[in-house]
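As a plain string of letters, each chain reads:
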Amino acid sequence: MEGSFDNLDAAGFLQIWQHFDSDDNGYIEGKELDDFFRHMLKKLGPQDQITEEKVQQLKQRFMSAYDVTADGRLQIQELAHMILPEDENFLLVFRREAPLDNSVEFMKIWRKYDMDSSGYIKPIELKSFLKDLFDQHKKDVSSSKLDEYVNAMMSIFDKNKDGTLDLNDLARILALQENFLLKFKIDASSQEERKHDFEKVFSHYDVSKTGALEGPEVDGFVKDMMELVRPSISGPELDKLRAILLNHCDVNNDGKIQKNELALCLGVKLNP
């Protein structure tokens, strides 16, 4: 597959991605997938040999190898792994055995690289993020090459084209998994059910296992809770909502939300 895209660079990959992600939803799926693999067959051999059966065979073969999330569609990292040469594959620094599955870990990254606490990631901050990732992977990348990668990623992920990345943009870059809170019924019928669900929820966000939510743990909980009712929130909105939650729930004013404080806020009785 890689041989059909000799000398492909970040800018060329961007053009391919934007062409086949025709509805701009962050995935190549459905008819877009068929169009992509039909294009592959044209690159690999004479056009008169292309049949629908061959398109589907090629699609099945490569999706079984590269569709890491097994959801029947290609994320940008999966397509990068499929067609970008190894020395150009800047997107693979984000590839994991599984997508990032906890908003707390996501918010740790957000807080670290939103260096001026503006609520947005600027290109210079994204460059710092990429440099650290390449360093972790022991890859030596020049400053000019980093600038090229930053420009490509801003073109791909800056959906409103304001020159910055918001929370939702970064969540797409890092392949953040589905909101954890969607697993639970908001209208659990019994106190016992609600208590059981609460224990699972608190354990998920209490990553440090201290018995209290603090820092990015509060951020992650607020992000997921608010996105139950809104598709996405901005960094500045998250900061406001965080302050409201702390003001309402942090009874002892220690800047953390103890387990009993959160239970009280949510109307959950921990003791029989």
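The rules we used
Counting from 1, residues in each chain are numbered in the order their sequence is written. Local features in this predicted model are restricted to residues of pLDDT 70 or higher, and side-chain atom pairs are both shown and tallied only at a pLDDT of 80 or more, whereas totals for entire chains, interfaces and linings draw on every residue. Water and hydrogen atoms play no part in the side-chain values, which are based on all heavy atoms of the structure. UniProt positions are given in the numbering used here, feature names are shortened, and annotations may be inferred rather than shown by experiment. Disulfides are defined as pairs of cysteine sulfur atoms found within 2.5 Å of each other. We count a stretch as a helix when DSSP gives it H or I for four or more residues in a row; a strand needs E for two or more, and each element gets its number in order from the N terminus. The cut-offs for exposure are 20% and 50% of the maximum accessible area for each residue type, with area from a 1.4 Å probe on protein chains only; residues under the lower value are buried, those over the upper are exposed, and the others partly exposed. Axes here mean lines fitted to C-alpha atoms, for a helix over just the part in contact, with angles spanning 0 to 180 degrees between N-to-C directions. Note on convention: near helix rotated counterclockwise from far helix by under a right angle means a left-handed crossing. Clockwise means right-handed. Any pair of residues with heavy atoms lying within 4.5 Å of one another is described as a contacting pair. We call two N or O atoms a polar contact when they sit within 3.5 Å, provided that within protein one can donate a hydrogen and the other can accept it, with sequence-adjacent residues counted only if both atoms are side-chain atoms. Stacked, tilted and edge-to-face are the three classes applied to pairs of Phe, Tyr and Trp rings, where Trp contributes its six-membered ring and a pair requires centres within 6.5 Å; stacked means planes under 30 degrees apart, edge-to-face means over 60, and tilted covers the rest. Working rule: Lys NZ or Arg CZ, within 6 Å of ring centre, within 35 degrees of ring normal, means a charge sits over the ring.

The name that an unreviewed UniProt entry assigns to the protein is Secretagogin, with the source organism given as Coilia grayii. For the protein, the Subcellular location (unreviewed entry) comment in UniProt is given as "Cytoplasm".

Q: How should I be thinking about the state of the cysteines in this particular structure?
A: Note: disulfide means a covalent bond formed between the sulfur atoms of two cysteine side chains. In this structure the tally under the stated criterion is one disulfide. What pairs with Cys249 in a disulfide is Cys265, and their sulfur atoms sit 1.9 Å apart. Looking down the S-S bond of the Cys249 and Cys265 bridge, the torsion is -130°, so its handedness is left-handed. Here Cys265 lies in helix H12 (residues 259-266) and Cys249 lies in helix H11 (residues 235-249), a separation of 16 residues in the sequence. Take Cys265: its relative accessible area is 25%, and that puts it in the partly exposed class.

Q: Sorry, what's going on with the packing of helix H6 (residues 123-136) against helix H7 (residues 143-157) here?
A: To characterise two packed helices, one gives the angle between the axes of the helices and the distance between these axes. Taken N-terminus to C-terminus, the directions of H6 and H7 make an angle of 115°; their axes are 9 Å apart at the nearest point. In this structure, the crossing between H6 and H7 has a hand that is right-handed. Between H6 and H7, the residues in contact are Pro123, Leu126, Lys127, Leu130, Lys131 and Phe134 and Ser143, Leu146, Asp147, Tyr149, Val150, Met153 and Met154, respectively.

Q: Would you take a moment to explain the UniProt feature "domain: EF-hand" (unreviewed entry) in the protein for this structure?
A: Per the UniProt record, "domain: EF-hand" (unreviewed entry) is annotated on residues 8-43, 101-136, 145-180, 193-228 and 236-272. For residues 8-43, helix accounts for 67% and strand for 0%, while the C-alpha atoms at its two ends are 13 Å apart. End-to-end, the C-alpha atoms of residues 145-180 are 36 Å apart, and along that stretch the chain is 56% helix and 0% strand.

Q: Help me out: how do you make sense of the environment of Glu125 in this one?
A: Examined against the element boundaries, Glu125 turns out to sit in helix H6. Spatially, the C-alpha atoms of Glu125 and Lys112 are 9.4 Å apart, while their sequence positions differ by 13 residues. A distance of 3.4 Å separates a polar side-chain atom of Glu125 from the backbone nitrogen of Asp116.

Q: Explanation requested: the packing of aromatic side chains in the structure shown.
A: Counting across every chain of the model gives eight aromatic pairs. Relative to Phe221, the ring of Tyr205 lies with its centre 5.5 Å away and its plane at 80°, an arrangement referred to as edge-to-face. Taken together, the residues span a long stretch of sequence, with Tyr205 in helix H9 (residues 191-205) and Phe221 in helix H10 (residues 216-226) at a distance of 16 residues. Taking relative accessible area as the criterion, Tyr205 reaches 0% and is therefore assigned buried. Over the ring of Tyr27 we find Arg73, and its NZ or CZ is 3.5 Å from the ring centre.

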